[in-house]
Amino acid sequence: FTDDIASELGIEYQKDMIAIHSQRLSDVMPKNQLYSRGAYFIFNMDYQDWYWDLGLREDRGTVISKAQTYKSLLAYKLTSNWKFKTSLSTGYKAPT
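Residues numbered from 1 in each chain as written. Predicted model: local features only at pLDDT ≥ 70, side-chain atom pairs only at ≥ 80, totals over all residues. Heavy atoms only, no water.

Focus: the environment of Ser-89
When you line up the elements, Ser-89 lands in strand S5 (residues 83–89). Ser-89 sits in the exposed class, given a relative accessible area of 53%. Counting along the chain gives 34 residues from Ser-89 to Gly-55, while the straight-line C-alpha distance between them is 9.0 Å. Aside from chain neighbours lying at most four places away, what touches Ser-89 is Tyr-70 and Lys-71. (Helix = DSSP H or I, 4+ residues; strand = E, 2+ residues; numbered from the N terminus. Buried < 20%, exposed > 50% of the residue type's maximum accessible area, 1.4 Å probe, protein only. Contact = heavy atoms within 4.5 Å.)

Next up, the structure:
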C-alpha cells in the first residue's frame, strides 16, 4: 500500500533557576524556577506521487500552563520539477 512510512515520538524537558526581584513574580514562581516540558508525535507517509506529514505537540510549563499545536501537510508530485503543496498549522510564541 505505501512506499514509505515513518513516525517519531519524543519528549523534552528544561528547567532553569532564575533570580526574581519582584514580589509579583515571586508569587507566581515561589521556588525561583522556570520549567517547560513537551511531548510530540510526527508521522509521514509517501505513496506513489503523494506525500502526507502530520505533527502533534503539547507543551506545559511555569509561564504557559498548556499549549497544543499541530501541523498537516499534503503534497502531490506533478512532474519531476513541479510539486503542489498545501498545509495547515497552529503555533504559539512562548513568553520571554
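A short note on the pattern of salt bridges
As enumerated under the stated definition, the model contains four salt bridges in all. Of the charged contacts, one joins Glu-12 and Arg-57 as a salt bridge, the two residues approaching to 2.7 Å between their closest N and O atoms. With Glu-12 in strand S1 (residues 4–17) and Arg-57 in strand S3 (residues 50–61), the pair connects residues that are 45 residues apart, well separated along the chain. Given a relative accessible area of 25%, Arg-57 falls into the partly exposed group. (Salt bridge = Lys/Arg side-chain N within 4 Å of Asp/Glu carboxyl O.)

Looking at the packing of aromatic side chains
In total, this model carries two aromatic pairs according to the counting rule given. Note on Phe-43 and Trp-52: the rings are 5.5 Å apart at their centroids and 70° apart in plane angle, and the pair reads as edge-to-face. Take Phe-43: its relative accessible area is 18%, and that puts it in the buried class. Assessed through its relative accessible area of 30%, Trp-52 is described here as partly exposed. Measuring from ring centre to ring centre gives 4.7 Å for Trp-50 and Tyr-76, while their planes differ by 50°; the resulting arrangement is tilted. (Phe/Tyr/Trp six-rings, centres within 6.5 Å; stacked < 30°, edge-to-face > 60°.)

Some details on the sheet that holds strand S4 (residues 67–77)
Here we have five strands laid out as an open sheet, ordered S1-S2-S3-S4-S5, and antiparallel in their pairing. In this open sheet, the two edge strands, each paired with only one partner strand, are S1 and S5. Ignoring strand direction, the axes of neighbouring strands in this sheet form an average angle of 10°. Where strand S2 (residues 33–47) lies against S3, 12 bridges are found, and the strand directions are antiparallel. Bridge assignment links Ile-42 to a residue of S3, and that residue is Gly-55. (Pairing = 2+ DSSP bridges. Axes fitted to C-alpha atoms, helices over the stretch in contact; angles between N-to-C directions.)

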